[in-house]
Amino acid sequence: MKHRVYDSSGKRICIRMCVSCRENKPKSELIRIVKSPDGVVAIDEKSALAGRGAYVCKSRECIEKSRKNRGIERGIKAQVPKEIYEVLLNFEA
Ligand SMILES: [Zn+2]
């Protein structure tokens, strides 16, 4: 599942899959939602938090779809509070 992709300056780009459209995209175009080891669900803006993560595009379409089909829930194996989706929608690019 991990791809090695480099940008024009030779820098490694991390590619992750959106849980909604299932497209592989650079991490910078995705938002990471993480379940910490103690079970707290949070939005991981800096991709720095430990725990099980799921990625979704910074687009209303993918965020709404992930809410309907529970893609994030499946990815992190936890309930996602509706407040999380409300915050996610503010990240829309
Ligand atoms: Zn997507």
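Novice: Describe the environment of Ala54, naming the residues involved and giving the relevant values.
Specialist: Tracing the backbone through its elements, the reader meets Ala54 in strand β7 (residues 52-57). For the pair Ala54 and Lys65, spaced 11 residues apart in sequence, the C-alpha to C-alpha distance is 14 Å. If we ignore the near neighbours within four places in the chain, the residues touching Ala54 are Val19, Ile31, Arg32, Ile33, Ile72, Gly75 and Ile76.

Novice: Which residues make up the coordination of the zinc ion, and what values do they have?
Specialist: Taken together, the protein ligands of the zinc ion are Cys18 (SG), Cys21 (SG), Cys57 (SG) and Cys62 (SG), with distances of 2.3 Å. Coordination at the zinc ion comes from 4 donor atoms whose angles at the metal span 102 to 114°, giving a geometry best classed as tetrahedral. The sequence pattern describing where the donors of the zinc ion fall on their chain is C-x2-C-x35-C-x4-C. Taken as a pair, Cys18 in the loop between β3 (15-17) and β4 (24-26) and Cys62 in helix α1 (residues 60-69) lie far apart in primary sequence, 44 residues in all. Given the relative accessible area of 0%, Cys18 is considered buried. A relative accessible area of 8% places Cys62 in the buried class.

Novice: Explain the pairing of strand β5 (residues 30-35) to me, and be specific about the residues and the numbers.
Specialist: Burial of β5 is extensive: 5 of the 6 residues sit out of reach of the surface. In this structure, β5 lies alongside β7, joined through 6 bridges in antiparallel fashion. Bridge pairing in β7 links Ile33 to Ala54. Bridge count between β5 and strand β6 (residues 41-44): 4 bridges; the pairing is antiparallel. Paired with Val34 across the strands is Ala42, a residue of β6. The antiparallel hairpin formed by β5 and β6 contains 5 residues in its connecting segment, where Gly39 sits at a positive phi of about 90°.

Novice: Any details on the nonpolar core? Residues and values, ideally.
Specialist: Counting residues in each nonpolar core, the largest one holds 21 residues, and the members touching the most others are Val56, Ile72, Ile76 and Leu88. Every element with two or more residues in this core is listed here: β5, β6, β7, α1, α2 (71-76) and α3 (82-89). Aside from chain neighbours lying at most four places away, what touches Ile72 is Val19, Ile33, Ala54, Val56, Ser66, Lys77, Val80, Tyr85 and Leu88.

Rules behind the numbers
- Residues numbered from 1 in each chain as written.
- Predicted model: local features only at pLDDT ≥ 70, side-chain atom pairs only at ≥ 80, totals over all residues.
- Heavy atoms only, no water.
- Helix = DSSP H or I, 4+ residues; strand = E, 2+ residues; numbered from the N terminus.
- Contact = heavy atoms within 4.5 Å.
- Donors = N, O, S within 2.8 Å, 3.2 Å for Na, K, Ca; no water.
- Tetrahedral: all angles 85-135°; square planar, octahedral: opposite > 155°, others 65-115°.
- Buried < 20%, exposed > 50% of the residue type's maximum accessible area, 1.4 Å probe, protein only.
- Pairing = 2+ DSSP bridges.
- Core = buried A, V, L, I, M, F, W, Y, C linked by side-chain atoms within 4.5 Å.

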